[in-house]
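Breakdown of the fold
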Amino acid sequence: MTSEPAADVAPLDVPGPRDPSLLLAATAERLGRGAAAHVAAGPLRVGVDLGTATTVVLVLDIDGAPVWADSLAAHPVRDGVVVDFHGAARAVRTLRARAEADLGRPLPAAACAAPPGVPAADSRACVHVCEAAGFDEVTLTDEVSAAQRVLEVRDGVVVDVGGGSTGVGVFRAGALVALDDRPGGGHHVDLVLAGGLGIGVEDAERLKREDPTTALPVVVPAVERVAESVRRMTLGAKDLPVHLVGGGLMLPGAAAVVERWLDRPVHGYPHALLVTPVGIARSAP
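Here is a short report on the structure shown in this document. Quick caveat: nothing in here was measured; it's all calculated off a predicted structure.

The next thing to look at is the sheet that holds strand β1 (residues 45-50). What the five strands build is an open sheet, ordered β3-β2-β1-β6-β7; its pairing is mixed. Pairing within the sheet leaves two strands with one partner each, and these edge strands are β3 (66-73) and β7 (137-142). Ignoring strand direction, the axes of neighbouring strands in this sheet form an average angle of 20°. Relative to strand β2 (residues 54-60), β1 runs antiparallel, the two sharing six bridges. The residue bridging aspartate 49 from the neighbouring strand is valine 56, located in β2. Against the sheet, helix α1 (residues 20-30) makes contact with β2 and β3, and its axis sits at roughly 60° relative to β3, the strand it touches most. Sitting on the sheet, helix α4 (residues 125-132) is in contact with β1, β6 (109-114) and β7, with an inclination near 150° to β7.

Rendered as structure tokens:
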């Protein structure tokens, strides 16, 4: 595992609700509903999350409260790498324009993130996407460190399961001491579900979200594959609990499968898909 955190990760000094479940619930309530009725004066922080299946733009006010959030179904990223630059820029530009119109304020700066295992040249592609979408100042962080800015885990393992990869960060005394990433995530779960039920991948993704009780028994092997990746990436941190975020395993019961495989406590979160986008916004200038 890599022993150094990303150089651009700032200390955990951004204001906001201390209970992540409250913050995530407020963000979910805001998603796709336009601007909040009251937006505090002062700077706004913008986070851009380029996902395998969804692109999210989230705006926090000076107090760290979500004041605007929306998403677009898009597929510009594969295994953490931008494979459709123009499509990604178009999606971000559309969401930025909506946010500026709803908030009545310009949004000149933003933050974005990449999986920790993506090479530097590839990870900076998300910066260039944001610049092409009209942001003048863009901050880059990694997805695991972004999630930690919401969870504020002092001693534990933060696991961000995305569509194409699984990122892991080990935290001791609040400091990031190891960071790694491996292929395998929500898209691979969809492939197993599609094959097991004889349906298309898009139908599998929809079924996974709409009828998880049907999906989970079929995809247990895929969930265990993710858990095995986590085990191998945390051989020196078996004493620490795991905090599971990201949209890749957002299935009721998936955390229990991971917990059985790892034989250690695993904490899941409501609205786990929003943890990283909120953390990215908290990383913004």
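The five strands are arranged β10-β9-β8-β11-β12 in an open sheet whose pairing can be described as mixed. In the strand order of this sheet, the two ends are held by β10 (175-183) and β12 (266-267), each with one partner. Contacts from helix α5 (residues 143-151) reach β8 (156-161), β9 (165-172), β10 and β11 (242-245) within the one sheet, and its direction differs from that of β8 by about 120°.

Calculation criteria
Throughout this document, residue positions are counted from 1 along each chain, in the order its sequence is written. Reporting in this predicted model follows two pLDDT cut-offs: at least 70 for local features of residues, and 80 or more for side-chain atom pairs to be given and counted; totals over whole chains, interfaces and linings ignore these cut-offs and use all residues. Hydrogens are left out, water is left out, and the side-chain values use all remaining heavy atoms of the structure. We call two strands paired when DSSP finds no fewer than two bridges between them. Numbering of helices and strands runs from the N terminus; a helix is a DSSP stretch of H or I covering at least four residues, while a strand is a stretch of E covering at least two. The angle between two axes is taken between their N-to-C directions and runs from 0 to 180 degrees, where each axis is a line fitted to C-alpha atoms and a helix contributes only its stretch in contact. Throughout, a contact is declared for two residues whenever any of their heavy atoms are within 4.5 Å.

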